[in-house]
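Coordinates in review
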Amino acid sequence: MQRLIPTLRNDQVDEALISVINSLQICAKEISFRVGQGELAGVLGSTLSENIQGETQKKLDILSNQLIKEILLECQHVRAVASEEEEGIVLGHDNGKYLVAFDPLDGSSNIDINSMVGTIFSILPVPENNSGDVDMFLQPGRNQVAAGYILYGPSIMLAFTTGNGLRMFTLDQTVGEFLLTKKDLQIEAETSEFAINMSNFRHWQEGMQLYVDDLLAGTSGPRAKNFNMRWVAAMVADVHRILCRGGLFAYPWDARSANKPYKLRLMYEGNPMAWLVEQAGGLAHSGEERILDIQPTDIHQRVGIILGAKHEVETCLRYLEGSQSGDKTV
Ligand code: AFP
């Protein structure tokens, strides 16, 4: 089975980018060890480097953030990092070619119940004539040069793209290497499974309510088929399921945040997941536009997300459009 770095070399990925990805691979191994230790991580963990030894009592999401930040900033090809857990960007090396945005531990509320969590990352090129400040990151997701996630589940998996299709690697804990276990994954265009937090129903736009009503109506409704629902409450795990066996995931626009989307973030969750899904033949949309085309105005900007099986996402979008235009018969 192929290891991660030789796979990237076969694809002729830039050596500087490989070096950044290698740093992320190191982070993944450290964090997976910590996640595996569970509650013991705070008292027994001892594999971390000296400069963060003092932080082992911190919650795992804070610790993961610190680990990723420190390991990435040691890589000379990293110009700066932006994290869901940090207010501003953190600068690295002046001549670094890459920017890394990441969610250190997505689904972190699952830690307390020993359920799945993951690290999501997005790598962007440093723009020419860059200002050296936060503006460097304000690029649409279609500019990404690599994106992926590490899922800390029963096994540790890395799902990853550099634009050459979607690949998944599994951490072989006996040798400490990520080995290629799935490649060229494709999401079926049709599905009968969806993932959404139903408790938010009353906050959604009318089109989304109508769409979900019709999914729930099953064979007796206009869709004339039964749909199943799943919700892990960790986007990384819900998207992983969709990449493996299909489905639709939505965290749509929600009236709780007035005219702003709620609650997922464009740069740490939306963009990397959208690219993975598109690489697998699926669609990823905000409800208003393709996620990868959104021009960010803030590194912590939030976005509505509807992604997964192509035909199902298109159907959902027709309900949203229909309700905006007053046509309720989509
Ligand atoms: P946490 O990291 O705070 O647990 O949030 C996870 C998340 O951002 C995303 O991974 C889930 O899809 C979504 O929130 C779950 O949100 P709800 O708790 O509203 O269902």
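Details of the structure are given in the entry above.
Throughout what follows, the structure given in this document is the object of discussion. What you see is a predicted model; the values in this text were computed from it and never measured.

1. Here's the deal with the sheet that holds strand β11 (residues 248-251)
If you walk across this open sheet you meet the 5 strands as β10-β9-β11-β13-β12, and the pairing is mixed. On the outer flanks of this sheet lie β10 (228-229) and β12 (283-285), each paired with one strand and no other. When β12 meets strand β13 (residues 305-308), the two strands line up antiparallel, connected through 3 bridges. What sits directly across from histidine 285, in β13, is isoleucine 306.

2. Brief notes about the nonpolar core
With 48 residues, the main nonpolar core has Phe137, Tyr149, Leu243, Phe249, Met273 and Leu307 as its most contacted residues. If you tally residues by element for this core, the top one is helix α7 (residues 266-279), at 8 residues. Residue contributions to this core reach at least three from each of two domains, namely domain 1 (4-183) and domain 2 (193-325). Setting aside residues no more than four positions away along its own chain, leucine 243 makes contact with Tyr149, Leu166, Met168, Leu185, Ile187, Leu276, Val277 and Ala280. Within the second largest apolar cluster, 42 residues are counted, among which are Val20, Ile21, Val81 and Ile150.

3. Examining helix α4 (residues 60-73)
Counted at 1.5 Å a residue, the expected span for α4 with its 14 residues is 20 Å, and the 20 Å between its end C-alpha atoms agrees. Summarising burial for α4: 12 of the 14 residues are buried, a large majority.

Thresholds applied
- Residues numbered from 1 in each chain as written.
- Predicted model: local features only at pLDDT ≥ 70, side-chain atom pairs only at ≥ 80, totals over all residues.
- Heavy atoms only, no water.
- Pairing = 2+ DSSP bridges.
- Helix = DSSP H or I, 4+ residues; strand = E, 2+ residues; numbered from the N terminus.
- Core = buried A, V, L, I, M, F, W, Y, C linked by side-chain atoms within 4.5 Å.
- Buried < 20%, exposed > 50% of the residue type's maximum accessible area, 1.4 Å probe, protein only.
- Domains from an automatic or database assignment.
- Contact = heavy atoms within 4.5 Å.
- Expected span 1.5 Å × (residues − 1).

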